[in-house]
Amino acid sequence: MKEEFINLSLTKNDQVNHFELHIGEYQAFIAFKERPTKIWLIHTESDPQLAGQGVATAIIEKTLQYLKEHHYTLFPLCPLVYAYIKKHPEWKEIIDSSFEGFEQDK
């Protein structure tokens with residue numbers, strides 16, 4: 001994650017089912033669906049003005065860390081989140097065991 005995003009706070013907005021990261025007047029979010037101890041990350045999006053700045057990586061990393069700290073298991077339905085975990089297999093440990101998108105080589 002880029003240095004400029006490290007100190008930004010992730011917000012879990014339960015009213016709209018988004019994890020949010022605010023960068024100045026702009027926002028990036030990951031849409032989710034949640035059940036007790038399980039979460040589905042569905043879609044990642046950011047304002048076009050943030051494109052190419054590493055914001056998607058920052059919100060994905062912050063969201064995965066939140067999920068780990070709060071003991072969720074993950075269903076990574078969002079293609080960006082899925083691709084991130086493929087590149088960073090250390091995050092496979094939080095993937096729900098019933099999710100068939102990764103080999104479960106924990």
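Look a little higher up for the structure.
A quick note: this is a predicted structure, and the numbers were derived from the prediction, not measured.

**A look at the sheet that holds strand β3 (residues 26–35)**
Logical step 1: Pairing within the open sheet is mixed, and its five strands lie in the order β1-β2-β3-β4-β5. The sheet terminates laterally at β1 (10–13) and β5 (73–76), the two strands that pair on one side only. Looking at each pair of strands side by side, their axes are set apart by 30 degrees on average, direction ignored.
Logical step 2: Where strand β4 (residues 38–46) lies against β5, four bridges are found, and the strand directions are parallel. Counterpart to L41 in the pairing with β5 is P76.
Logical step 3: Relative to the sheet, helix α3 (residues 79–87) contacts β3, β4 and β5, its axis offset from that of β5 by approximately 115 degrees.

**Re the packing of aromatic side chains**
Logical step 1: Counted by the stated rule, this structure contains six aromatic pairs.
Logical step 2: Between F19 and F32, the aromatic rings sit 4.9 Å apart at their centres with planes inclined by 45 degrees, giving tilted as the arrangement. One end of the pair, F19, is in strand β2 (residues 18–23); the other, F32, is in strand β3, with 13 residues separating them in the sequence. The same class applies to F19 and to F32, which are both buried.
Logical step 3: Ring pairs connect the aromatic residues F19, F32, Y66 and Y72, which therefore count as one cluster.
Logical step 4: We note K68 situated over the ring of W91; from NZ or CZ to the ring centre the distance is 5.9 Å.

What counts and how
Residues numbered from 1 in each chain as written. Predicted model: local features only at pLDDT ≥ 70, side-chain atom pairs only at ≥ 80, totals over all residues. Heavy atoms only, no water. Pairing = 2+ DSSP bridges. Helix = DSSP H or I, 4+ residues; strand = E, 2+ residues; numbered from the N terminus. Axes fitted to C-alpha atoms, helices over the stretch in contact; angles between N-to-C directions. Contact = heavy atoms within 4.5 Å. Phe/Tyr/Trp six-rings, centres within 6.5 Å; stacked < 30°, edge-to-face > 60°. Buried < 20%, exposed > 50% of the residue type's maximum accessible area, 1.4 Å probe, protein only. Lys NZ or Arg CZ within 6 Å of the ring centre and 35° of its normal.

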